[in-house]
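The primary structure of each chain is shown beneath.
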Amino acid sequence: MTENFTAAAFAGLTELASEKVGGKALFASDEFFAEKENLLKAGRGIFLPDKFTENGKWMDGWESRRKREQGHDWCIIKLGISGTVKGLDIDTNHFLGNHPPYASVEGYLHNDSGIAINFDEVKWTQILGKSPLAPGSQNLFPVHHPGHWTHLRLNIFPDGGVARLRVYGDVHKGRIQKEDDGTIDLAALVNGGKVISANDMFFGSKDNLISPGRSMYMGDGWETRRKRIPGYDWTILKLGEPGSIKKIIVDTNHFKGNFPDSCMIEGVYIGEVKEGVYLSEIDDDKMTSPDIKWKEILPKTKLKGHHENVFEKEITGKDKYTHLRLNIYPDGGVSRLRVFGIQEKDNSN
């Protein structure tokens, strides 16, 4: 199986635990052969036949020693983005004679970030019962528990190695941090934004566009293949909250010889707001319809490579929007898109 298979299985959901979005492996019962931090790294893990450590074979994952007593091993993970878990990928890639035969997952919601957690006293809630794992495979599990979680505990029975843990779900929109000028990033992943479609993602996923922080390397962005026919590339985003836009940052960090020559941004308002709650009237997969009447927000504008391209005065669209469309000409890579504006419920205009 490939990561594309996982993406298809959990399409439309957000990865909540990866290192890229701030996830952390906090504690593990045992990490004798391989460190817990590997669980949340990018990719599926690699295998180097001739690499060993003083404890044994080097493995790109989390691996505990062989258990010679009662019990099982576990790892506690702090989600980078809190939310409701809808799917899990417990990937045992390259663990063939040393994978755990079973695993389970539990969740915990920490309501007060200012108070340290005593994990010895935490009451965990089971969200995935004890389930069989296949070796060297992406083990995909749907999760039906409706709870909202900040931490997970991965239990393996009785011991062994897991290459990666991927946690897919819906973002819980908590307290939103406003900028000094009162705006928020309406498109940010942590604020409930979602990249719902793109015409091309050959070198880099569309989902990277709204990840926290600046990109870490060129692959941590959205990048299309070289266009050999007339036209341009595009991606469509759903804002976490409807609002009016005051500032846009098109960040081409790490894209030096392959950034787009120029870009244009359009917007549309779909649905309605009742009692402060946004009610969408269209499915995400319908946003590519030619019937959508996009309005220009940022006219076609030149971009610089490896640079935060900031646009304020250039913004022409003053309406409120629920969705944006980023067009790049003719192709290339954009690492992040930041859309600062005023939430509709805070906007009296």
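Values in this document were obtained by computation on a predicted structure and should not be read as measured data. (Residues numbered from 1 in each chain as written. Predicted model: local features only at pLDDT ≥ 70, side-chain atom pairs only at ≥ 80, totals over all residues. Heavy atoms only, no water.)

A.B. asks: Would you mind going over the overall build of the protein in detail, with residue names and values included?
C.D. replies: Tallying secondary structure elements over the protein gives one helix and 24 strands in all. Its C-alpha atoms give the protein a radius of gyration of 22 Å, near enough to 20 Å, the size a compact globule of 349 residues would have. Taken over the C-alpha atoms alone, the protein extends approximately 70 × 50 × 35 Å along its principal axes. Evaluated residue by residue, the protein yields a buried proportion of 50% over its 349 residues. (Helix = DSSP H or I, 4+ residues; strand = E, 2+ residues; numbered from the N terminus. Rg over C-alpha atoms; globule rule 2.2 N^0.38 Å. Buried < 20%, exposed > 50% of the residue type's maximum accessible area, 1.4 Å probe, protein only.)

A.B. asks: Go over the side chain of Asp-220 with me, naming the residues and quoting the values.
C.D. replies: Tracing the sequence through the fold places Asp-220 in the loop between strand S14 (194-198) and strand S15 (222-223). Here the side chain of Asp-220 touches Met-216 through a polar contact of 3.1 Å, landing on its backbone nitrogen. Look past the residues within four positions of Asp-220 in its chain and what remains in contact with it is Lys-20, Asn-208, Arg-214, Ser-215, Ser-335 and Arg-336. (Polar contact = N/O pair within 3.5 Å; in protein donor to acceptor, adjacent residues only side chain to side chain. Contact = heavy atoms within 4.5 Å.)

A.B. asks: Lay out the side chain of His-151 with the relevant residues and their values.
C.D. replies: Here His-151 lies in strand S10 (residues 149-157). With relative accessibility at 5%, the residue His-151 sits in the buried group. Within the structure, the side chain of His-151 is placed 2.8 Å from the side chain of Thr-150, a separation counted as a polar contact. Setting aside residues up to four positions removed in sequence, His-151 forms contacts with Leu-26, Ile-77, Lys-78, Leu-79, Glu-106, Gly-107, Tyr-108, His-110, Ile-117, Phe-119 and Trp-124.

A.B. asks: Describe the packing of aromatic side chains, and please don't skip the residues or the numbers.
C.D. replies: Overall, the coordinates contain seven aromatic pairs when judged by the stated rule. Ring centres 4.8 Å apart and planes at 80° place the aromatic pair Phe-202 and Phe-203 in the edge-to-face group. With a relative accessible area of 47%, Phe-203 lands in the partly exposed category. Within the aromatic cluster, the residues linked to one another by ring pairs are Phe-27, Tyr-108, Phe-119 and Trp-124. In this structure, Lys-57 packs its charged tip against the face of Phe-47, placed 4.7 Å from the ring centre. Over the aromatic face of Tyr-102 sits the side chain of Lys-130, whose NZ or CZ is 5.4 Å from the ring centroid. (Phe/Tyr/Trp six-rings, centres within 6.5 Å; stacked < 30°, edge-to-face > 60°. Lys NZ or Arg CZ within 6 Å of the ring centre and 35° of its normal.)

A.B. asks: Can you explain the pattern of salt bridges? Please cite residues and give values.
C.D. replies: A full pass over the atoms with the stated rule returns 22 salt bridges. For Asp-91, the salt bridge goes to Arg-44, with nearest N and O atoms at 2.7 Å. Within this pair, whereas Asp-91 is found in strand S6 (residues 73-91), its partner Arg-44 is found in the loop between strand S2 (24-28) and strand S3 (52-53), the two being separated by 47 residues in sequence. Summarising the burial analysis for this pair, Asp-91 and Arg-44 share the class buried. Taken together, the salt bridges that share partners define one network made up of Lys-20, Asp-220 and Arg-336. (Salt bridge = Lys/Arg side-chain N within 4 Å of Asp/Glu carboxyl O.)

A.B. asks: Report on the pairing of S10, specifying residues and quantitative values.
C.D. replies: By the criterion of burial, S10 is predominantly enclosed, with eight of the nine residues buried. In the sheet, strand S7 (residues 102-108) pairs with S10 via seven bridges, with the strands oriented antiparallel. By the bridge assignment for S10, Glu-106 is matched with Arg-153. (Pairing = 2+ DSSP bridges.)

A.B. asks: Report on a negative patch on the surface, specifying residues and quantitative values.
C.D. replies: A cluster of acidic residues, Glu-179, Asp-180, Asp-181, Glu-312 and Glu-314, forms a negative patch on the protein surface. Relative to the elements of secondary structure, Asp-181 occurs in the loop between strand S12 (164-171) and strand S13 (184-185). You can call Asp-181 exposed: its relative accessible area is 55%. (Patch = residues over 30% accessible without salt bridge, like charges linked within 9 Å, V, L, I, M, F, W, Y side chains within 5 Å. Areas by Shrake-Rupley, 256 points an atom, 1.4 Å probe, with all protein chains shown as cover. Lys, Arg positive; Asp, Glu negative; His and termini not counted. Charge placed at Lys NZ, Arg CZ, Asp CG, Glu CD.)

A.B. asks: So what's going on with the environment of Ile-210? Which residues, and what values?
C.D. replies: Within the fold, Ile-210 resides in the loop between S14 and S15. According to the relative accessible area criterion, Ile-210 is buried, its value standing at 2%. Linking Ile-210 and Val-190, residues 20 residues apart in sequence, is a C-alpha distance of 8.5 Å.

A.B. asks: Describe the nonpolar core, listing the residues and the values that go with them.
C.D. replies: One recurring pattern in soluble globular proteins: nonpolar side chains tend to sit buried together. Grouped together as the largest cluster of nonpolar side chains are 56 residues, with contacts concentrated most on Leu-39, Val-85, Ile-90, Val-167, Ile-245, Val-250 and Leu-337. The leading source of residues in this core is S6, at seven residues. If we skip the residues at most four places from it in the chain, Ile-245 touches Leu-186, Ile-297, Ile-315, Gly-317, Asp-319, Tyr-321, Leu-324, Val-339, Phe-340 and Gly-341. Counting residues in hydrophobic clusters, the runner-up holds nine residues, among them Ile-236, Ile-270, Met-287 and Ile-292. (Core = buried A, V, L, I, M, F, W, Y, C linked by side-chain atoms within 4.5 Å.)

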